[in-house]
Amino acid sequence: RDRMDDTKASLDKTGASVGLGKTGATDGGEAEPEWDVLGGKRVLYPNGNTMSYFKKDGSGTVYYPDKRIAVSLIAGDGIPPGIYTTFFKAKGRKEVLGSFDAVGKGSIMYASGKVALCTTASGGSHYAETGEVLRMWTWEKHPL
């Protein structure tokens, strides 16, 4: 059994998943997961829109309340295998705010599109929006 099965069993045991309507909201207004036939876990906002959906392999999507994608997680079999994560802007054009590979190499952007944080296999750097380097470091003991 995996973690998704354990979580589902726990919800079933407590009765938390019993009687969920289309919105997935309990009487307290909190979203509870809905389980689909593929074993995916779906959590809904109180208005019925999907808040998040995750598969057993760890891949999934988190949505803003207006149905736009906030975070996308992709389970990759590449080199290295693992979860690849991308963050998207909430409003306006669909723009990437940040992205990280399975071992943590990636970057976070300012709303202007300029790099705020960058991590690599050997270290990382933090930048002001003007481009000035605020901090740089290396992963001396535990390289990526």
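All values derive from a computational prediction rather than experimental measurement.

Undergrad: Can you walk me through the pairing of strand β11 (residues 133-138) in this structure?
TA: Summarising the sheet, strand β10 (residues 123-127) and β11 pair through five bridges and their orientation is antiparallel. Residue pairing for β11: serine 125 is matched across the bridge by methionine 136. Counting the residues that bridge the hairpin from β10 to β11 gives five residues, and of these glycine 131 lies at a positive phi of roughly 100 degrees.

Undergrad: Would you mind going over the confidence of the model for the protein with me for this structure?
TA: Interpretation of this model should avoid reading the predicted coordinates in detail wherever pLDDT is low. Across the protein, the average pLDDT comes to 78, with 73% of residues at 70 or higher. Per-element mean pLDDT across the protein ranges from 37 in helix α1 (residues 3-14) up to 97 in strand β9 (residues 115-119). pLDDT under 50 marks residues 1-26. Its contacts with residues more than four places away, or in other chains, come to 40 contacts.

Undergrad: Looking at this structure, how should I read the environment of leucine 97?
TA: The residue leucine 97 is located in strand β7 (residues 96-100) in this model. Separated by 18 residues in sequence, leucine 97 and valine 115 place their C-alpha atoms 9.2 Å apart. Once residues within four sequence positions are removed from consideration, leucine 97 is found in contact with Phe87, Phe88, Lys89, Ser107, Ile108 and Met109.

Cut-off values and rules
- Residues numbered from 1 in each chain as written.
- Predicted model: local features only at pLDDT ≥ 70, side-chain atom pairs only at ≥ 80, totals over all residues.
- Heavy atoms only, no water.
- Pairing = 2+ DSSP bridges.
- Helix = DSSP H or I, 4+ residues; strand = E, 2+ residues; numbered from the N terminus.
- pLDDT = per-residue confidence, 0-100.
- Contact = heavy atoms within 4.5 Å.

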